[in-house]
Amino acid sequence: MSHIYCPECGFQNPEAASYCSRCGALLMRESAGETTLSLGPDEIDATPEAPTGPALVVRSGGGRAGESFEAIGAHALIGRSPECDVFLDDVTVSRRHAELVGEGATYVIRDLGSLNGTFVNKHRIESTVLEDDDEVQIGKYRMTFLLRR
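Residues numbered from 1 in each chain as written. Predicted model: local features only at pLDDT ≥ 70, side-chain atom pairs only at ≥ 80, totals over all residues. Heavy atoms only, no water.

Each helix and strand counted, the protein chain has 0 helices and 13 strands in total. Residues classed as buried in the protein chain amount to 40% of the 149 residues present. Taking all contacts inside the protein chain whose residues are at least 6 apart in sequence as the whole, residues at least 24 apart take part in 32%. On the protein chain, roughly 8900 Å² of surface is accessible, and the fraction owed to carbon and sulfur atoms is 50%. (Helix = DSSP H or I, 4+ residues; strand = E, 2+ residues; numbered from the N terminus. Buried < 20%, exposed > 50% of the residue type's maximum accessible area, 1.4 Å probe, protein only. Contact = heavy atoms within 4.5 Å. Areas by Shrake-Rupley, 256 points an atom, 1.4 Å probe, with all protein chains shown as cover.)

Have a look at this one:
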């Protein structure tokens, strides 16, 4: 199995991951066998846009480590139903498990009466404000909440 190392923290991630499952950094890949194209100064965008806004990055669970749910917006439904904004397809996740709601500059996660509960930093919650780098566990999925501005 191939791996890719995070350029930020050096963590070894599965080859299929787009984001580091430890720190959430974007994983860059080098393409073998491609030639380099020369660009002039007028053709280079020297300030690429970094992703902004909240995101949940899967750290473990369901073979989806490194996957990210970005641009969550003011309200996101999390659950096993395909209609959910954050779709977690596993029997340990309720159909409508939790919701993430933006309230001004803060984000609140609320459990929606799920069977297995919603955990933030290993504590079962009914509702709590999320901080940057909080660990959210829903079913067997462990995710990191990133609040990027």
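This next bit is on the environment of Met28. Looking at the element boundaries, Met28 is found in the loop between β2 (12-14) and β3 (53-60). On the basis of relative accessibility, which here comes to 59%, the residue Met28 falls in the exposed class. When the C-alpha atoms of Met28 and Ser18 are compared, they prove to be 7.9 Å apart, with 10 residues separating the residues in sequence.

Take the pattern of salt bridges next. Applying the stated rule across the entire model yields 6 salt bridges. Of the charged contacts in the structure, one is a salt bridge between Glu67 and Arg64, with a shortest N-O distance of 3.1 Å. When its relative accessible area of 15% is taken as the criterion, Arg64 is described as buried. In this structure, Lys140 engages Asp90 in a salt bridge whose closest nitrogen and oxygen atoms are separated by 3.1 Å. Of this pair, Lys140 sits in the loop between β12 (134-138) and β13 (141-148) while Asp90 sits in the loop between β6 (86-87) and β7 (98-103), and the two are 50 residues apart along the sequence. With relative accessibility at 14%, the residue Asp90 sits in the buried group. Taken together, the salt bridges that share partners define one network made up of Arg59, Glu135 and Arg142. (Salt bridge = Lys/Arg side-chain N within 4 Å of Asp/Glu carboxyl O.)

This part covers the side chain of Glu99. Turning to its location among the elements, Glu99 is positioned in strand β7. You can call Glu99 buried: its relative accessible area is 16%. Among the polar contacts made by the side chain of Glu99, one reaches the side chain of His75 at a distance of 2.7 Å. When neighbours within four sequence positions are excluded, Glu99 is seen to be in contact with His75, Ala76, Leu77, Val108, Ile109, Arg110 and Leu112. (Polar contact = N/O pair within 3.5 Å; in protein donor to acceptor, adjacent residues only side chain to side chain.)

Let us look at the side chain of Asp134. Considering the arrangement of structural elements, one finds Asp134 in strand β12. Among buried charged residues, Asp134 stands out as having no salt bridge; its nearest opposite-charge side chain is Arg59, 9.9 Å away. Side-chain polar atoms of Asp134 contact the side chain of Asn121, separated by 3.0 Å. Once residues lying within four places of it in the same chain are set aside, the contact partners of Asp134 are Val120, Asn121, Val129, Met143, Thr144 and Phe145. (Lys, Arg positive; Asp, Glu negative; His and termini not counted.)

Here we take up the packing of aromatic side chains. Applying the stated criterion across every chain yields a total of 1 aromatic pair. Summarising the aromatic geometry, the rings of Tyr107 and Phe145 are spaced 6.0 Å apart at their centres and angled 50 degrees between planes, so their arrangement reads as tilted. Taken together, the positions of Tyr107 in strand β8 (residues 106-111) and Phe145 in strand β13 put the pair 38 residues apart, joining distant regions of the chain. Side by side, Tyr107 and Phe145 carry an identical accessibility label, which is buried. (Phe/Tyr/Trp six-rings, centres within 6.5 Å; stacked < 30°, edge-to-face > 60°.)

Note on sheets: strands pair through backbone hydrogen bonds, and any given pair is parallel or antiparallel. Taken together, 5 strands build an open sheet; the order of strands is β6-β5-β7-β8-β11 and the sheet is mixed. Both outer strands of the open sheet, β6 and β11 (127-130), are each paired with one neighbouring strand and no more. Here β7 runs beside β8; their pairing, made up of 6 bridges, is antiparallel. When the sheet's bridge partners are listed, Ala98 is paired in β8 with Asp111. (Pairing = 2+ DSSP bridges.)

Just distances and angles here, no functional claims.
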